[in-house]
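One-letter residues, chain by chain:
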Amino acid sequence: MSSDGASVIDRLREPDYTGDNRCWPCTVVNLGIAVAACGTVAVLWVELGAILFGLSLLAIYLKGYLVPGTPTLTTRYLPEPVLQAFGKGSATPRDPGAGQEWETIAKVRDHRENAIDVDEFLRDAGVVENGDGKPGRELSGGFRSALWERVDPEAGESAVREGLATLFDVSPAGITTEDEPYPAFVVDKRVRQWPSGSALAVDLAADAILRERSEDWPAVPLEQRLDALGTVRTLIQRCPACGGTVAETSDTVEACCGVHEVVGVQCVDCGERLAELDATTDDAKLTS
């Protein structure tokens, strides 16, 4: 198999549930589901049933399961003797809150303990200051100067990857670049995207500055840090790409769910977009 083919398979494979980590009870359960479902289809259309069964086998091979949530369901609901027969049993009674659920609980607890008011945090950190009678809606002179010294829209792939790794607290090797006309990356199994290279550059520069200025910044929950960085982008007045003037624009965007209005923050000279906000919400929530 070519290296390209192998890389595609590696990207599709779910390492947590395949190879040495394969959950055989999950595999057996999903094979049974595949046989039953595809057999029913084959009664009506043999060829289609065969094709679906082949795709089902491929999904089970790559992902470890066919039905989402099977690893949790089998661990929770299969009888202990069945699990022990596959080497998956536990010496102690199973706790419904174990594994992934405990991880979720830990994240919720961490969010509660470290959650911030974004605008208040940015004011206290000296990022924003009062401007034109509107508290906290203008970048402070000191932060703006530091940002322009640090921001680099032309940064190479290695520098961007390092910056993303720091921002998301992951290994650079765990970041995958998506083939999109805008910056998009898979980080910790989730797609993260920006409207432009300049928008990404501003986020990485602002994150680096805040790590130097505030010892509390790394403990802030990730999604709130991203919201704070997005707020910084909406307050940029000069384009990082060409130095032109940045202003708000109103656009109509057509999506699968219909047509809606967005407020864009972009350069009036080169068109570089720094942020997009949902115009239908009272607080113009950041969308990208």
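Small disclaimer: the values here were computed from a predicted structure and weren't measured.

A. Structural detail: the overall build of the protein chain. Within the protein chain, the secondary structure is distributed over 11 helices and eight strands. Burial statistics for the protein chain: of 288 residues in total, 33% are counted as buried. Within the protein chain, residue pairs in contact and separated by at least 24 positions form 51% of the contacts whose partners lie at least 6 positions apart. Working note: accessible area of the protein chain is about 17000 Å², and carbon and sulfur atoms make up 54% of it.

B. How the structure looks around the pattern of salt bridges. One pass over the full model with this rule turns up seven salt bridges. In this structure, Glu157 and Arg161 form a salt bridge, with 3.1 Å as the shortest nitrogen-oxygen distance. One end of the pair, Glu157, and the other, Arg161, are both in helix H9 (residues 157-168), four residues apart, so they sit about a helical turn from each other. Close ionic contact of Asp207 with Arg211 constitutes a salt bridge, the shortest N to O distance being 2.9 Å. Here Arg211 and Asp207 lie together in helix H10 (residues 197-213), a separation of four residues that amounts to about one turn. According to the relative accessible area criterion, Asp207 is buried, its value standing at 2%. Beyond isolated ion pairs, a larger network of salt bridges with shared partners links Arg190, Arg192 and Glu223.

What counts as what
Residues numbered from 1 in each chain as written. Predicted model: local features only at pLDDT ≥ 70, side-chain atom pairs only at ≥ 80, totals over all residues. Heavy atoms only, no water. Helix = DSSP H or I, 4+ residues; strand = E, 2+ residues; numbered from the N terminus. Buried < 20%, exposed > 50% of the residue type's maximum accessible area, 1.4 Å probe, protein only. Contact = heavy atoms within 4.5 Å. Areas by Shrake-Rupley, 256 points an atom, 1.4 Å probe, with all protein chains shown as cover. Salt bridge = Lys/Arg side-chain N within 4 Å of Asp/Glu carboxyl O.

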